[in-house]
Each structure stands twice: as structure tokens, then as C-alpha cells.
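Here is what each chain is made of, one letter per residue.
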Amino acid sequence: MYEPGVFYCKDAFEGLAVMDQLVDSDARGALVQKLLAGATEFRAKGDAPVEKVDLTDDSVRSPARTDVPIPAPPFWGAQEVEVDLDEVYRHLDTHVLFKLHWGGKGVKGEAWQQLLRDDFRPRLERMWREQSYLHPRALLGFFPCYALGNDIVVLDPSHREQELTHFVCPRQPRGDRLCLADFFRPAVDGGPPPELDVVALQAVTVGSEVTELMANLESRGEFAEQLFVHGLGVQTAEGLAEWLHFRVRQMLGIELAQGRRYSWGYPAVPEQSEHLKVDRLLGLGRIGLSITDGYAPVPEQSTLALVAHHPQAIYFGTRQGRLLPGGSPDDLIRGSSRDPSLFASADAAAAGLDDSEPPDGAVLEEDEPAMA
């Protein structure tokens, strides 16, 4: 055992908290003792036994509806979609940006409201107005498809008897037995159903310049500014994905909170090697995207996702998540208290200058839950 201690910190903020203790002679001793005691206990107990479960068994399907109306997309195949940055701004999750990326976690009450009013909100508005390093681009594809067991079978829009690929999805081994494939029209006798479903695939990026800027700021020792730029870059990529999903719902003519967007690496679709299939379908190079040997998209601030329009679609994992018979509306950022375009009305309401109801609780409270 390494006596001085080896410390794992899940993010930069926890790292700062640990460093604060390490440079304090009294706190350091207690921290190291706690660490070594925990390591000794863990070593004595050993790893907990790993339960072996079969995530490929498709003998029992979830009760997700198989008769939902199938919307008609405005086009088939993949196209680049022109990005409106003013619209993307409305889809930025400022709760995650301020609390997680910009270090506001743990600040409460009047101190939190002051931080929002005097720093975070005007900083975001200024950075968004002055930035020239975000270069958003978006690809969107609509493809005919159907579900075959645990697979989503994607077909060629021009030759629908021809399979382009299978997206492989794990299935819950117990409970509702959910699988992402269940949110698409199922096969009939092992083949395509009479009415094919539609799956949307999307890829977005804000480009590589923001990553280059972060490296430049780090080399100059401007760590605080690097933190703010990094947070804005990450959340712009997420906001861009949210905006494009919003546009997909509009294009399909479905409710704006219907369906879900699933990114590989999360519990419902954990296998990131599926990114290679998305590349083949969308042609990611058209917007400057590529996939690394480790299946990560580059530039860094980029996301890929699959969109299911099914009204019962929810976020779930192989060990948690239940199907809701009546469906569950998605959690939208636009028009909520996290929408930065509503800052002015939120500030007016907080100051008692506006007698009208603030939109969706426009004053961000310190205990508001973050997006899943």
C-alpha cells in the first residue's frame, strides 16, 4: 500500500476539494487515514460477486405498443441541416452548465441567486455574443426500419428490401424486459412488417476550434477561463443535439415532448462501437466528424444519437426503468427555467418588476434537479 495515498477524484471540483485537504497538515492526516482504512477494508472483503445476466435473450418482449401511428419524414436518407445558433441558445441547459461545469454546485440561497445575477448569467450572455470559436454543424438521417428481436434493422430508403445495418440493443433480463428495439414496429414471421417504421439518426459537432482554444488557455495558465470555455463548448454540443431533436419532432409532426433521443455509451445502448454504423449511414466526414479507434467521435464536442418517436419511449437501463402505459413526456429545456433566453423575464420576476407568472418557474432554484 502506498502510504502517502493515491486519490481518485471524479472531476476537477472534487480534485480541488481533495487538494485543499492535502495542503492542510491537520486535514491531510485524517484524509489519508480514511483512505487507507477504506482500502484495507476493501482488500479484506474483496470484490462483490458479479451477477451474470443474459442481455441478449429476446424470448420475452416488453409490453410496449406495436400499433402506434408511424409519422412520415420530410425526406429519406441523410442530409446536412443548417444550424441557427440563436435557436440553439434556447436549448442550452444552464442548470448543468452553471452547477456542473462552472462550479456552482453547493452554492445555495441568496448566494446562489447573486452568483446567477452578478456572474453566471451575464458571463454566458457575453461569451455567447462575443465567441467566434463555435462552428456548429449537424447531420440528420431518416431511414425505414423495423425491430427483429433485440435488433433495429435499418433499410435502404431507395431499395427497401435491402438491409443497411442492424443496431444491436441489450434487453432487460427481468422486470418489463425493455429493449430499445421495442419502440419500433416489430418483424412479422422474421421479416419486415407490412408497414415499416422510421428511425432518425443525428450527428452534431461544434468543431475543433474550441478544443484548440482550451489547449491554448491551459498553456498560458488561464485555467479559470479554460473552465468557462470548456463548459460552454460541452453544453453547446448538447444544446445542439437537443435543438436538432426538437427539429426532428417538428419534421415528423409529433408532440414536442414525444419520444426520446438515445446516445451510445448510455445504459439503453452501451456499445459505442455502433458509432461506426452511424458513420456508414450518415457519412460523418461531411461535417468534419470522424470516429477514433476507441469509437469516440472527434472533434471532442460532438454527439451522435438515435431518435425513437414512440410515445412510450423512456430512458432506461438493463437494471432499472419501467414502461409507463400512458407514456412519459420528455424533459424539454426550451421554455423551461433552464432556457437562457428567459433570463430577463426571470430577473424581472425575481425583482418583483413583472406581475405575470414566470414561464415554467423561471427563477432557477438551487435544488432544481439536473437533466438525466
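To keep things clear, this report deals only with the structure shown in the data block.

Rules used in this analysis
Residues numbered from 1 in each chain as written. Predicted model: local features only at pLDDT ≥ 70, side-chain atom pairs only at ≥ 80, totals over all residues. Heavy atoms only, no water. Axes fitted to C-alpha atoms, helices over the stretch in contact; angles between N-to-C directions. Helix = DSSP H or I, 4+ residues; strand = E, 2+ residues; numbered from the N terminus. Parallel < 35°, antiparallel > 145°, perpendicular 65-115°, else oblique. Left-handed = near helix turned anticlockwise from the far one by under 90°. Contact = heavy atoms within 4.5 Å. Nonpolar A, V, L, I, M, F, W, Y, C, P; charged D, E, K, R; others polar. Expected span 1.5 Å × (residues − 1). Buried < 20%, exposed > 50% of the residue type's maximum accessible area, 1.4 Å probe, protein only. Pairing = 2+ DSSP bridges. Phe/Tyr/Trp six-rings, centres within 6.5 Å; stacked < 30°, edge-to-face > 60°. Lys NZ or Arg CZ within 6 Å of the ring centre and 35° of its normal. Core = buried A, V, L, I, M, F, W, Y, C linked by side-chain atoms within 4.5 Å. Salt bridge = Lys/Arg side-chain N within 4 Å of Asp/Glu carboxyl O.

1. Describing the packing of helix H6 (residues 209-219) against helix H7 (residues 223-252)
Helix packing for two helices is described by the angle between their axes and how far apart those axes are. At a minimum axis separation of 8 Å, H6 and H7 run at an interaxial angle of 165 degrees. Taken together, the axis directions place H6 and H7 in an arrangement best described as roughly antiparallel. In this structure, H6 meets H7 at a crossing whose hand is left-handed. Each of Val210, Leu213, Met214, Leu217 and Glu218 in H6 lies in contact with H7, whose residues at this interface are Phe223, Glu225, Gln226, Val229, His230 and Gly233. Looking at the contact of H6 with H7 residue by residue, the classes come out as six nonpolar, three polar and two charged.

2. What to know about H7
Taking 1.5 Å per residue as the helical rise, H7 with its 30 residues ought to reach 44 Å, and the 44 Å between its terminal C-alpha atoms agrees with that figure. Within H7, 22 of the 30 residues are buried, which leaves it mostly tucked inside the rest of the structure. Of the residues trailing H7, Gly253 is marked for its positive phi of about 70 degrees.

3. With respect to unusual backbone geometry
The amide bond that connects Val298 to the next residue, Pro299, takes the cis arrangement and shows omega of 5 degrees. Assignment of secondary structure puts Pro299 in the loop between strand E8 (297-298) and strand E9 (302-308). The phi dihedral of Arg177 falls on the positive side, at around 60 degrees, and the residue is not glycine. Note that Arg177 resides in the loop between strand E4 (163-168) and strand E5 (197-205). Residue Arg177 is classed as buried on the basis of its relative accessible area of 8%. If you check the backbone angles, Asp189 has positive phi at about 55 degrees while not being a glycine.

4. Some points on the pairing of E5
Taking burial as the measure, the nine residues of E5 include nine buried ones, the bulk of the element. Along E5, one buried face is formed by Asp197, Val199, Leu201, Ala203 and Thr205 and the opposite face, lined by Val198, Ala200, Gln202 and Val204, is buried too. Bridge analysis of strand E2 (residues 137-148) against E5 gives nine bridges, and the strand direction is antiparallel. Bridging from a neighbouring strand, Ala138 pairs with Val204 of E5. Of the pairings in the sheet, the one linking E5 to E9 comprises six bridges and is antiparallel in character. Its bridge partner being in E9, Val204 is matched across the sheet by Thr303.

5. A short note on the packing of aromatic side chains
In the structure shown here, the tally under the stated rule is eleven aromatic pairs. Measuring from centroid to centroid gives 5.7 Å for Trp102 and Phe120, while their planes differ by 65 degrees, and the two rings are edge-to-face. With a gap of 18 residues between them, Trp102 in the loop between helix H4 (94-101) and helix H5 (109-130) and Phe120 in helix H5 connect regions that are remote in the sequence. The residues Trp102 and Phe120 share a single accessibility class, namely buried. Ring centres 6.3 Å apart and planes at 75 degrees place the aromatic pair Trp112 and Phe120 in the edge-to-face group. The class of Phe120 is buried, set by a relative accessible area of 3%. A connected cluster of aromatic rings, assembled from ring pairs, spans Phe98, Trp102, Trp112, Phe120, Phe228 and Phe343. The ring of Trp112 has Lys99 sitting right over it, with the charged end atom 3.9 Å from the ring centre. For Arg260, the ring lying beneath its charged end belongs to Tyr315, and the centroid distance is 5.5 Å.

6. Overview of the nonpolar core
Ranked by size, the top nonpolar core spans 41 residues in total, and within it Phe98, Trp102, Leu124, Leu140 and Phe142 carry the most contacts. The dominant element in this core, judged by the number of residues it contributes, is H7, at eleven residues. Each residue touching Leu140, except ones within four places of it in the same chain, is listed here: Phe75, Gly77, Ala78, Gln79, Val81, Ala200, Leu201, Gln202, Leu244, Val248, Met251 and Leu282. Counting residues in hydrophobic clusters, the runner-up holds 36 residues, among them Val199, Val278, Leu281 and Leu282.

7. Digging into the pattern of salt bridges
In total, this model carries 21 salt bridges according to the counting rule given. Between Arg220 and Glu222 there is a salt bridge, with its nearest N and O atoms 2.8 Å apart. Linked through salt bridges whose partners overlap, the residues forming this network are Arg61, Arg171 and Asp182.

8. As for the environment of Lys10
Structurally, the position occupied by Lys10 is in the segment before helix H1 (12-22). Sequence spacing of Lys10 and Val60 is 50 residues, and the spatial spacing of their C-alpha atoms is 38 Å.

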